[in-house]
Amino acid sequence: MTSADELPLLEALLDAFDWLFDRRATVADVHALLFATARALADSAIVKDVAAAESALEGIMRSGRGLAEAVEQALDAVDPLRRRIADRL
C-alpha cells in the first residue's frame, strides 16, 4: 500500500519515465528526480529500488554513451522500478 505522502512522488517518477521515453526529459533530469525521491522516501519500502535506478542512471551518464543509446539504456534500467510503482498504485 502506498501512503498519501508517497503517492505524488511515485506518480512524478512515472511521469518522468514517460517524458524520457518521449525525449522530453534527459537521463540527467530523471536521475536528479530519482536522487531527490530516494532521499524523500528514505523510510519507504521502495527506497532500495529507487536508489538502484538512480545508481544505474548515474553509471549511464558517466559512461559517455551517445544520447540515443543512453536513453535506451536508462529506459531499460528504470523499467523494473516503473513496474513496481505501477503495481503499488
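Now for a quick tour of the structure. (Residues numbered from 1 in each chain as written. Predicted model: local features only at pLDDT ≥ 70, side-chain atom pairs only at ≥ 80, totals over all residues. Heavy atoms only, no water.)

Comments concerning the overall build of the chain
- A tally of regular secondary structure across the chain gives four helices and zero strands.
- Seen in sequence order, the chain has helices and strands lined up from the N terminus as α-α-α-α.
- On C-alpha atoms alone, the chain measures out to a radius of gyration of 12 Å, which is about the 12 Å that the 2.2 N^0.38 rule sets for 89 residues.
- When the backbone C-alpha atoms are referred to their principal axes, the chain occupies close to 40 × 20 × 15 Å.
- The buried share of the chain, reckoned over its 89 residues, is 36%.
- The long-range share in the chain, meaning contacts at least 24 apart out of those at least 6 apart in sequence, stands at 63%.
- Carbon and sulfur atoms make up 54% of the accessible area of the chain, which amounts to about 5200 Å² in all.
- Each charge sign in the chain was given a centre, from 10 positive and 16 negative side chains, and these centres are 4 Å apart. (Helix = DSSP H or I, 4+ residues; strand = E, 2+ residues; numbered from the N terminus. Rg over C-alpha atoms; globule rule 2.2 N^0.38 Å. Buried < 20%, exposed > 50% of the residue type's maximum accessible area, 1.4 Å probe, protein only. Contact = heavy atoms within 4.5 Å. Areas by Shrake-Rupley, 256 points an atom, 1.4 Å probe, with all protein chains shown as cover. Lys, Arg positive; Asp, Glu negative; His and termini not counted. Charge placed at Lys NZ, Arg CZ, Asp CG, Glu CD.)

Digging into the packing of aromatic side chains
- Applying the stated criterion to the full structure yields zero aromatic pairs.
- A cation over a ring is seen here: R39 above F35, with NZ or CZ 3.7 Å from the ring centre. (Phe/Tyr/Trp six-rings, centres within 6.5 Å; stacked < 30°, edge-to-face > 60°. Lys NZ or Arg CZ within 6 Å of the ring centre and 35° of its normal.)

Thoughts on helix α4 (residues 67-88)
- With 22 residues, α4 extends 31 Å between its outermost C-alpha atoms, agreeing within 8% with the 32 Å of an ideal straight helix rising 1.5 Å per residue.
- Maximum bend of α4: about 40°, positioned at D79, with proline P80 one to four residues after it.
- Listing the buried residues of α4 in full gives A70, V71, A74, L75, V78, L81, I85 and R88.
- Residues of α4 that are buried sit in contact with α1 (6-21), α2 (27-40) and α3 (47-62). (Expected span 1.5 Å × (residues − 1). Bend = angle between axes of the 7 residues up to and from the residue.)

Things to note about the packing of α1 against α2
- Relative to each other, α1 and α2 sit at 165°, their axes nearing to 10 Å. One finds that α1 runs roughly antiparallel with respect to α2. Regarding α1 and α2, the two cross each other, and that crossing is left-handed. Along the contact surface, α1 presents L9, A12, L13, A16, F17 and L20, while α2 presents V27, V30, L33, L34, T37 and A40.
- Residue classes in the contact of α1 with α2 are distributed as 11 nonpolar, one polar and no charged. (Axes fitted to C-alpha atoms, helices over the stretch in contact; angles between N-to-C directions. Parallel < 35°, antiparallel > 145°, perpendicular 65-115°, else oblique. Left-handed = near helix turned anticlockwise from the far one by under 90°. Nonpolar A, V, L, I, M, F, W, Y, C, P; charged D, E, K, R; others polar.)

Here we look at the side chain of E54
- Looking at the element boundaries, E54 is found in helix α3.
- Ignoring any residue separated from it by four or fewer positions in sequence, one finds E54 in contact with H31, L34, F35 and R39.

Topic: the nonpolar core
- The biggest cluster of nonpolar side chains holds 25 residues, and the ones touching the most others in it are F17, L34 and L81.
- Listing elements by their share of this core, those giving two or more residues are α1, α2, α3 and α4.
- When residues of this core are assigned to their parent elements, the largest contribution, seven residues, is made by α4.
- Leave out the neighbours within four places in its chain, and L34 touches L13, F17, V50, A53, E54, L57, V78 and L81. (Core = buried A, V, L, I, M, F, W, Y, C linked by side-chain atoms within 4.5 Å.)

Some remarks on the side chain of E6
- Turning to its location among the elements, E6 is positioned in helix α1.
- Polar side-chain contacts of E6 include one of 2.6 Å to the side chain of S44. (Polar contact = N/O pair within 3.5 Å; in protein donor to acceptor, adjacent residues only side chain to side chain.)

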